[in-house]
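What follows is the residue order along each chain.
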Amino acid sequence: MLTEHEIYTFLREVHHPGMQDRDIVDIGMVSKIEIEERKITVTLAFPKRRDPLSEYLIGATRATLVRHLPADVGSEVKTVVVDEVKPKQKKLDLDNEQIKDVRHIIGIASGKGGVGKSTVAVNLACALARLGYKVGLADADVYGPSIPTMTDTEGETPLAEQDGEQELIVPLEKYGVKWMSIGYFAERGQALIWRGPMACNALKQMILQVKWGELDFLLIDMPPGTGDIHISLVQDIPMEGAVIVTTPQNVALADVEKGVSMFRNKNIDRRIFGLVENMAWFTPEEHPDEKYYIFGRDGGARMAAELDIDLLGRIPLVQSIRESGDAGEPAALGTRPDGAAFIELAGKLAEVVQSSR
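Note that the structure is predicted; figures quoted are calculated from it, not measured.

Definitions and cut-offs
Residues numbered from 1 in each chain as written. Predicted model: local features only at pLDDT ≥ 70, side-chain atom pairs only at ≥ 80, totals over all residues. Heavy atoms only, no water. Salt bridge = Lys/Arg side-chain N within 4 Å of Asp/Glu carboxyl O. Helix = DSSP H or I, 4+ residues; strand = E, 2+ residues; numbered from the N terminus. Pairing = 2+ DSSP bridges. Axes fitted to C-alpha atoms, helices over the stretch in contact; angles between N-to-C directions. Contact = heavy atoms within 4.5 Å. Parallel < 35°, antiparallel > 145°, perpendicular 65-115°, else oblique. Core = buried A, V, L, I, M, F, W, Y, C linked by side-chain atoms within 4.5 Å. Buried < 20%, exposed > 50% of the residue type's maximum accessible area, 1.4 Å probe, protein only. Phe/Tyr/Trp six-rings, centres within 6.5 Å; stacked < 30°, edge-to-face > 60°.

A. Region of the structure containing the pattern of salt bridges. Tallied over the entire structure, the rule returns 14 salt bridges. In this structure, Asp-72 and Arg-38 form a salt bridge, with 3.7 Å as the shortest nitrogen-oxygen distance. Of this pair, Asp-72 sits in the loop between helix H3 (54-68) and strand E5 (74-82) while Arg-38 sits in the loop between strand E3 (30-35) and strand E4 (39-47), and the two are 34 residues apart along the sequence. Each member of the salt-bridge network shares a partner with another, and the members are Arg-12, Asp-23 and Asp-26.

Given below as structure tokens:
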């Protein structure tokens, strides 16, 4: 059964074009939400002076409900006339209580997609766990959540637990890591068509409304790029710093520079713990001693030097990493050279983070 909070969250997608594009919840147009077993009824409040966009707003509300509600749940949009529409804030009532026992919160970021950021995040989490640390990973890539696939937890749904007046999400645990992803709450293949504010609220829930418990490291697999979502996430979450993932090509330098610049911005001011050069070289499984620098050699080292940050590690491009990710068994769990590279990366990161305190 959907909650009133979830319905309000859906309705924040409906924006009023004539009021600086504010959503109908903030404006106060959502007068009432009625939840029955197989039907959701939303009542919108309009002032006596007819809003010229009322039909658009009613239609947009209907479309949003249809898009988000299960197929067997009907919906209806009613209207009511009032003297004045008063703002009715229904913002997330979240605080930092659930992360107070987390020692280090670190973002795993990249200037663009396709560099293997999520692969590095998952394997880094597993490698830290193998080194004896208590680890959690929040999949904040709302448009392309891949953690369920990479950990073979697709189809599983985290449980909810009541804690006083607040409902908390209990993360899944596997390979010694606590996992949380928006992918656990979306059907397979379902596109999450969210505007910026909707995505930001979902990300905050994925981190601040989760029962993490005591952790040494909470890694956040951030969306690629440097947009509004990233800035909101960094400002709302007490993130200690970030690790930037890149590939060796010279053309990747501009994207890395954007990512580093965002975290170093005076309004964000988060430490860059270092750079991870992914796909540093190709090694055929049949010839483990051979290295082919198909994307260029030492590109990550040059980027780190130019941007005055540490090169934390270099991860080879081997077929087993891709196969392990597709099979849901991260390469960092094994003893092959690729697994050893992630263990070495985890050790270096732990050393850098702890020495900075």
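What follows picks up the thread again.
B. Highlighting the sheet that holds strand E13 (residues 241-246). Strand order in the open sheet formed by eight strands is E10-E11-E7-E12-E6-E13-E14-E15, and the pairing between neighbours is mixed. Because the sheet does not close on itself, it has two edges, and the strands there are strand E10 (172-174) and strand E15 (311-317). Averaged over all pairs of adjacent strands, the angle between their axes in this sheet comes to 25 degrees, without regard to strand direction. Looking at chain direction, strand E6 (residues 102-109) and strand E12 (residues 215-221) are connected through six bridges and run parallel. Paired with Gly-107 across the bridge in E12 is Ile-220. Of the strands in this sheet, E6, E13 and strand E14 (271-282) are in contact with helix H8 (residues 253-264), which crosses E13 at around 175 degrees.

C. Broad picture of the packing of helix H4 (residues 117-130) against helix H11 (residues 337-355). Between H4 and H11, whose axes approach to 8 Å, the crossing angle comes to 75 degrees. Between H4 and H11, the crossing angle belongs to the class labelled roughly perpendicular. Within the contact between the two elements, H4 uses Val-120, Asn-123, Leu-124, Ala-127, Leu-128 and Arg-130 and H11 uses Phe-342, Ile-343, Leu-345, Ala-346, Leu-349 and Ala-350.

D. Representation of the sheet that holds E4. Taken together, three strands build an open sheet; the order of strands is E3-E4-E5 and the sheet is mixed. Among the strands making up the open sheet, the edge pair consists of E3 and E5. If you compare each strand with its neighbour and ignore which way they point, the axes differ by 15 degrees on average. In the packing of helix H1 (residues 4-11) onto the sheet, the strands contacted are E3 and E4, and the crossing angle to E3 comes to about 135 degrees. In the packing of H3 onto the sheet, the strands contacted are E4 and E5, and the crossing angle to E4 comes to about 160 degrees.

E. Expanded view of the nonpolar core. Core analysis: the biggest nonpolar cluster contains 39 residues, and Trp-212, Ile-220, Leu-233 and Phe-263 have the highest contact counts within it. For this core, the secondary-structure elements that each account for two or more residues are E6, helix H6 (196-208), E12, helix H7 (228-236), E13, H8, E14 and helix H9 (299-307). Contacts of Leu-233, omitting those with residues within four sequence positions, involve Ala-140, Leu-203, Ile-207, Ile-220, Met-222 and Met-239. Judged by nonpolar contacts, the second largest core, of 38 residues, contains Ile-106, Ile-147, Ala-331 and Val-352.

F. Structural view of unusual backbone geometry. Although it is not a glycine, Asp-152 sits at a positive phi angle of roughly 55 degrees. Checked against the element boundaries, Asp-152 lands in the loop between helix H5 (147-150) and strand E8 (159-163). Its identity as a non-glycine residue notwithstanding, Asp-308 has a phi of 60 degrees, on the positive side.

G. Representation of the environment of Val-82 in the model. Relative to the helices and strands, Val-82 resides in strand E5. Residue class for Val-82 comes out partly exposed when judged on its relative accessible area of 23%. Note: C-alpha distance between Val-82 and Lys-48 (34 residues apart in sequence) is 6.1 Å. Those residues in contact with Val-82, other than ones at most four positions away along the chain, are Ala-45, Phe-46, Pro-47 and Lys-48.

H. Inspection of the packing of aromatic side chains at higher detail. Tallied over the entire structure, the rule returns one aromatic pair. Ring geometry for Tyr-133 and Phe-217: centres 5.3 Å apart, planes at 85 degrees, overall edge-to-face. One end of the pair, Tyr-133, is in the loop between H4 and strand E7 (135-139); the other, Phe-217, is in strand E12, with 84 residues separating them in the sequence.

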